[in-house]
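# Inside the fold
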Amino acid sequence: MYLCKLHNMIIGVPKEIKNNENRVALTPAGVSEFKRHGHKVYIQISAGEGSGFSDAEYIEAGAEMLATIEEVYSMSEMIIKVKEPIESEYPLIKKDQLLFTYFHFASHEPLTHAMINSGAVCLAYETVEKSDRSLPLLVPMSEVAGRMSVQEGAKYLEKPMGGRGILLGGVPGVKPAEVLVLGGGIVGTQAAKMAAGMGAHVTIMDISLNRLRQLDDIMPANVATEYSNEYNVRQAIKTADLVIGGVLIPGAKAPKLITHDMLPTMKKGSVIVDVAIDQGGCFETSKPTTHAEPCYVVDGVIHYCVANMPGAVPYTSTLALTNATLPYAIQLANKGWQKACSENAELKVGLNVVGGKVVYKGVSDAFNLEYTPVENFLGNSASA
Ligand SMILES: NC(=O)c1ccc[n+]([C@@H]2O[C@H](COP(=O)([O-])OP(=O)(O)OC[C@H]3O[C@@H](n4cnc5c(N)ncnc54)[C@H](O)[C@@H]3O)[C@@H](O)[C@H]2O)c1
């Protein structure tokens, strides 16, 4: 039986230990916000280092620093993180402890079982959802990746990086580069804005006419919109210097919009940035790469396919992520998870695993596990 918690909360922020993860779940500004609401915040020593936040800044904001990850987990009622817990963290998680972080359960069965066995309350960033079906805690990372895709594309178009040696914006008397953006969602919109700002000639393709209408309204004059179909893609890639892939079909693998046979029709030294690589990629020849070795070449076309692009800019990514997570985290701390989730439908759909039960249909379906409606855990507090 869960009791509705109405007193102050003890919040813990462990240092991220997943390979190459430099983000941190709370900034010093976030600490000060929790303190303002009367909560206690523990931060693991050097947790903010990778994002450029020193221990001294956290202390000044009112946090207490703990030396080990074990202490953070054992002394906190609510853990705020960035990435899903990794295996060495499983035994540290306590029954009834609230975990607010990215989990991506449906792609990780051992993690799902570990969280079921822990008896903890797992609220996943990626399934927090607004009534218009947008995902407010995924949007900031798409914004970062979309803007960054142009920066990376511009870099690899330079000759010393293997590219064809063209400047995105051209110069007076020399035409700018052609940038093709596939998908006009969050990634595509931010990519198009950046490329247009640098002076390139940009085309955005999408299958949603409504989306294209909106983009046509808001984009500057050097951005054109075009309906996405195989014929139009085949034509456009012949002249493109940089192609950015940002398509998404929710719950499905990305469609392959550029197939291997199309690559020889592209210019040698052109660059494709497949942002959708985390969903399988939208180019047939894409395979996930890392920041250590971001690119490879197929048929003279440079492929940039880093699956966690925001990881390269942890300062910006941490601020963007925490701007979005903090208001939810404050609600959870102020009201306790049951009352907060009962009163806020956006948070409620973030609950994935509670007290040993799977309460999110997508996760129970993925692994054929028993599904328990989340209402079973919220019942009493709904009227509290
Ligand atoms: N690599 C990274 O580091 C990273 C970071 C953030 C997001 N992403 C990924 O980027 C992808 C895009 O994310 P988003 O937030 O922009 O999604 P979104 O839902 O906002 O936009 C996707 C767009 O693709 C369009 N689309 C669907 N099928 C299409 C087709 N055949 N042709 C053209 N357009 C089509 C949709 O209409 C939609 O407008 C996702 O796969 C996301 O996971 C990757």
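Residues numbered from 1 in each chain as written. Predicted model: local features only at pLDDT ≥ 70, side-chain atom pairs only at ≥ 80, totals over all residues. Heavy atoms only, no water.

## Some remarks on the site of the ligand
Close contacts around the ligand come from 25 residues, with Ser142, Asp206, Ser228, Asp278 and Met309 the closest. Taking Val306, its main chain carries an N or O atom lying 3.2 Å from a nitrogen atom of the ligand. When isolated, the ligand has an accessible area of 870 Å², and the protein chains bury 85% of it. The element best represented in the shell around the ligand is helix H5 (residues 139-156), accounting for 3 residues. Per-class residue counts for the shell around the ligand are 15 nonpolar, 8 polar and 2 charged. (Near = heavy atom within 4 Å. Polar contact = N/O pair within 3.5 Å; in protein donor to acceptor, adjacent residues only side chain to side chain. Areas by Shrake-Rupley, 256 points an atom, 1.4 Å probe, with all protein chains shown as cover. Helix = DSSP H or I, 4+ residues; strand = E, 2+ residues; numbered from the N terminus. Nonpolar A, V, L, I, M, F, W, Y, C, P; charged D, E, K, R; others polar.)

## So, H5
With 18 residues, H5 extends 26 Å from end C-alpha to end C-alpha; this agrees with the ideal 26 Å at 1.5 Å per step. On the buried face of H5, the contacting elements are helix H6 (186-197), strand E10 (242-245), strand E11 (271-274), strand E12 (295-298), strand E13 (301-304) and helix H9 (314-335). (Expected span 1.5 Å × (residues − 1). Contact = heavy atoms within 4.5 Å.)

## Notes on the sheet that holds strand E15 (residues 357-358)
Taken in spatial order, the 8 strands line up as E3-E2-E1-E4-E5-E6-E14-E15 in an open sheet, and their pairing is mixed. Strand pairing shows two members of the sheet lacking a second neighbour, strand E3 (64-66) and E15, which therefore form its edges. Judged from the 4 bridges that link them, strand E1 (residues 10-13) and strand E2 (residues 40-44) form a sheet pairing that is parallel. Across the sheet, the residue bridging to Ile11 is Val41, located in E2. (Pairing = 2+ DSSP bridges.)

## Re the packing of aromatic side chains
One pair of aromatic rings is described through two measures. These are the centre distance and the angle between the planes. Scanning the model with the defined rule gives 6 aromatic pairs in all. Arranged with centres 4.9 Å apart and planes meeting at 80°, the rings of Tyr102 and Tyr125 form a pair that is edge-to-face. Of this pair, Tyr102 sits in the loop between strand E5 (98-101) and helix H4 (109-118) while Tyr125 sits in the loop between strand E6 (121-124) and H5, placing them 23 residues apart in sequence. The two residues Tyr102 and Tyr125 agree in class, both being buried. Centroid distance Tyr156 to Tyr304: 6.0 Å. Interplanar angle 45°. Geometry classified as tilted. Here Tyr156, found in helix H5, pairs with Tyr304, found in strand E13; they are 148 residues apart in sequence, far enough to count as distant. Of the two residues examined, Tyr156 and Tyr304, each falls in the buried class. Here Lys287 stacks its cationic end above the ring of Tyr296, 4.0 Å away from the centre of that ring. Across from the ring centre of Tyr371, 5.6 Å away, lies the NZ or CZ of Lys361, which sits over that ring. (Phe/Tyr/Trp six-rings, centres within 6.5 Å; stacked < 30°, edge-to-face > 60°. Buried < 20%, exposed > 50% of the residue type's maximum accessible area, 1.4 Å probe, protein only. Lys NZ or Arg CZ within 6 Å of the ring centre and 35° of its normal.)

## Regarding a nonpolar patch on the surface
A grouping of Leu167, Val171 and Val174 is seen on the molecular surface, where their side chains present a nonpolar patch of about 270 Å² in accessible area. The topology assignment puts Val174 in the loop between H5 and strand E7 (178-182). Given the relative accessible area of 47%, Val174 is considered partly exposed. (Patch = residues over 30% accessible without salt bridge, like charges linked within 9 Å, V, L, I, M, F, W, Y side chains within 5 Å. Salt bridge = Lys/Arg side-chain N within 4 Å of Asp/Glu carboxyl O.)

## Focus on the packing of H5 against H9
When two helices pack together, you describe them by how their axes are tilted relative to each other and by the distance separating the axes. Orientation of H5 relative to H9, taken along the N-to-C sense of each, is 155°, at an axis distance of 8 Å. Judged by the angle between their axes, H5 and H9 are roughly antiparallel. Of the two elements, H5 crosses H9, and the hand of that crossing is right-handed. From H5, Pro140, Met141 and Val144 reach across to H9, where they touch Thr316, Ser317, Ala320, Leu321 and Ala324. Its residues placed into classes, the contact of H5 with H9 shows 6 nonpolar, 2 polar and no charged. (Axes fitted to C-alpha atoms, helices over the stretch in contact; angles between N-to-C directions. Parallel < 35°, antiparallel > 145°, perpendicular 65-115°, else oblique. Left-handed = near helix turned anticlockwise from the far one by under 90°.)

## A closer look at the side chain of Asp241
In this fold, Asp241 is placed in the loop between helix H8 (230-239) and E10. Residue Asp241 is classed as buried on the basis of its relative accessible area of 2%. Of note is the side chain of Asp241, whose polar atom sits 2.7 Å from the backbone nitrogen of Glu178. When near neighbours in sequence (up to four residues on either side) are disregarded, Asp241 contacts Leu157, Arg164, Ile166, Ala177, Glu178, Lys267, Ser270 and Val271.

## Comments concerning the side chain of Glu126
As for its placement among the helices and strands, Glu126 is situated in the loop between E6 and H5. Buried charge without a salt bridge: Glu126, with Lys83 as the nearest opposite-charge side chain at an N-O distance of 9.0 Å. Within the structure, the side chain of Glu126 is placed 3.0 Å from the backbone nitrogen of Phe103, a separation counted as a polar contact. From its side chain, Glu126 meets the backbone nitrogen of His104 in a polar contact 2.4 Å long. (Lys, Arg positive; Asp, Glu negative; His and termini not counted.)

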